[in-house]
Amino acid sequence: MAIDPVCGMEVDERSTKDKSTYLGVAYFFCSKDCKEEFDAEPAEYVGDDRKTGT
Ligand SMILES: [Zn+2]
């Protein structure tokens, strides 16, 4: 199972159609809404170490 980085749900990567690739890594989503949110701001969701909290 893959984890939807937007909402944290488990997603079956074999059955979902909502998939996106960012920096060479594939991400899977529970719904088109989550995919669209990710696509709008992928760096928000991939746990980039350079992003420090405020
Ligand atoms: Zn989701």
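Below you will find a few notes about this structure. (Residues numbered from 1 in each chain as written. Predicted model: local features only at pLDDT ≥ 70, side-chain atom pairs only at ≥ 80, totals over all residues.)

**As for the overall build of the protein chain**
Link 1 in the chain: What the protein chain contains, in helices and strands, is one helix and four strands.
Link 2 in the chain: For the protein chain, the N- to C-terminal ordering of α and β elements is β-β-β-β-α.
Link 3 in the chain: Of all 54 residues assigned to the protein chain, the portion counted as buried reaches 17%.
Link 4 in the chain: Here the analysis covers contacts within the protein chain between residues at least 6 apart in sequence; of these, 28% occur between residues at least 24 apart. (Helix = DSSP H or I, 4+ residues; strand = E, 2+ residues; numbered from the N terminus. Buried ≥ 20, exposed ≤ 12 C-beta atoms within 10 Å, placed from the backbone. Contact = placed C-beta atoms within 7 Å.)

**Let's talk about the nonpolar core**
It is characteristic of soluble globular proteins that their nonpolar side chains tend to be buried jointly.
Link 1 in the chain: One finds Val-11, Tyr-27, Phe-28, Phe-29, Cys-34 and Phe-38 forming the largest nonpolar core, which totals six residues.
Link 2 in the chain: Those elements that place two or more of their residues in this core are β4 (25-28) and α1 (32-40).
Link 3 in the chain: Those residues in contact with Phe-38 that lie beyond four places of it in its chain are Pro-5, Val-6, Ser-20, Tyr-27, Phe-29 and Tyr-45. (Core = buried A, V, L, I, M, F, W, Y, C linked by C-beta atoms within 7 Å.)

**Description of the environment of Thr-16**
Link 1 in the chain: With respect to the element layout, Thr-16 can be found in the loop between β2 (10-11) and β3 (19-22).
Link 2 in the chain: Along the sequence, Thr-16 and Phe-28 sit twelve residues apart, while their C-alpha atoms lie 7.1 Å from each other.
Link 3 in the chain: Every residue in contact with Thr-16, bar those within four places of it in the chain, is listed here: Val-11, Phe-28 and Phe-29.

**Looking at α1**
Link 1 in the chain: Within α1, burial applies to Cys-34, Lys-35 and Phe-38. Taken end-on, α1 shows its buried residues confined to a sector of 100°, consistent with a single buried face. Exposed residues on α1 whose side chains face more than 90 degrees from its buried face are Lys-32, Asp-33 and Ala-40.
Link 2 in the chain: Contacts from the buried residues of α1 go to β3 and β4. (Arc of directions from axis to C-beta.)

**Brief notes about the pairing of β3**
Link 1 in the chain: In this sheet, β4 lies alongside β3 in antiparallel orientation, the contact comprising four bridges. Its bridge partner lying in β4, Ser-20 is registered against Tyr-27.
Link 2 in the chain: What sits between the antiparallel neighbours β3 and β4 is a turn of two residues, in which Leu-23 has the positive phi angle 50°. (Pairing = 2+ DSSP bridges.)

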